[in-house]
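Now for the letters of each chain:
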Amino acid sequence: MALRNADGGLVETPIAKRKLSDHVLDRLKAMITSGEYAPGEALPSERELMVRYGVGRPAIREAMQALANQGLITIKHGERARVRPLTAKSAVGQLDLVAQLMLSASPNMVENLKEARRFFERGMVREAAVKADAADLEQLQRLVAQQQDALDDAEAFVALDRQFHGKLAAISKNAIFDAVAEAMLGWLHLELDEAARRELAAEYARIVERLKARDPDGAEAALLRSLDLAEG
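Because the structure is predicted, anything quoted here is derived from the model rather than measured.

A. Up close: the packing of helix H6 (residues 107–131) against helix H11 (residues 216–230). For the pair H6 and H11, the least separation of the axes is 9 Å and the interaxial angle reads 145 degrees. When the axes of H6 and H11 are compared, the crossing they make is right-handed. On the side of H6, the interface is formed by Arg117, Arg118, Glu121, Arg122, Val125, Arg126 and Ala129, while H11 contributes Pro216, Asp217, Ala219, Glu220, Leu223, Leu224, Leu227 and Asp228. Of the residues that constitute the contact of H6 with H11, the class distribution is 7 nonpolar, no polar and 8 charged.

Rendered as structure tokens:
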């Protein structure tokens, strides 16, 4: 970008100097994305990297932390950093903190998320009505039974609720759907009294019945009733 001085002449904006850690970050990222270091493999030690790049420990540590924040490596105290296996869930999981901050700052975004979840899960349950096999249906039936046993335990019921919806998404065999479903369930907080939990468990039982009958319309209708109950 060029600016004009007092005489009207063009003056080029000085190029900002980059920190040493930024240069180290670029090189480490290239090592990972090129496959030089495979998922699960340990990166060189801090001392080795200091010698290789001719920089101090702070630059190495800052670059490593940036890689960890981007979800590319895992750092454990006393161990060498390792390349993190890249999955749909780990990628979507990087949005967790930002999503939680956004939702807490804006009530409208909570409603948007509920609407997005409703749109998403309608497709998931219809997909499940077509793709669910005997093992899938048995697992869903088992989760419904466990919910019935946990009606007086709100925390256990909510955990089973998440498993039920997660299983519906997993039936699609699509890693992106699975990851998005898990993320949205984690961003929403479910609070139900015992009466609502009882009604919700009954709707989940109806969803499973409609899935067994290969009835997408019926499964979707039961799902929408369950979301109405869950969202109060």
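B. Broad picture of unusual backbone geometry. Of note, the phi angle at lysine 173 is positive, near 60 degrees, even though the residue is not glycine. Looking at lysine 173, the relative accessible area reads 63%, which means it is exposed. Despite not being glycine, arginine 214 has its phi angle at roughly 55 degrees, a positive value. Mapped onto the fold, arginine 214 is located in the loop between helix H10 (194–212) and H11.

C. Representation of the side chain of serine 226 within the structure. Summarising the element assignment, serine 226 is placed in helix H11. Relative accessible area serves as the criterion here: at 1%, serine 226 is assigned to the buried category. Residue contacts for serine 226: discarding those within four places in its chain leaves Leu200, Glu203, Tyr204 and Ile207.

Cut-offs and rules
Residues numbered from 1 in each chain as written. Predicted model: local features only at pLDDT ≥ 70, side-chain atom pairs only at ≥ 80, totals over all residues. Heavy atoms only, no water. Axes fitted to C-alpha atoms, helices over the stretch in contact; angles between N-to-C directions. Helix = DSSP H or I, 4+ residues; strand = E, 2+ residues; numbered from the N terminus. Left-handed = near helix turned anticlockwise from the far one by under 90°. Contact = heavy atoms within 4.5 Å. Nonpolar A, V, L, I, M, F, W, Y, C, P; charged D, E, K, R; others polar. Buried < 20%, exposed > 50% of the residue type's maximum accessible area, 1.4 Å probe, protein only.

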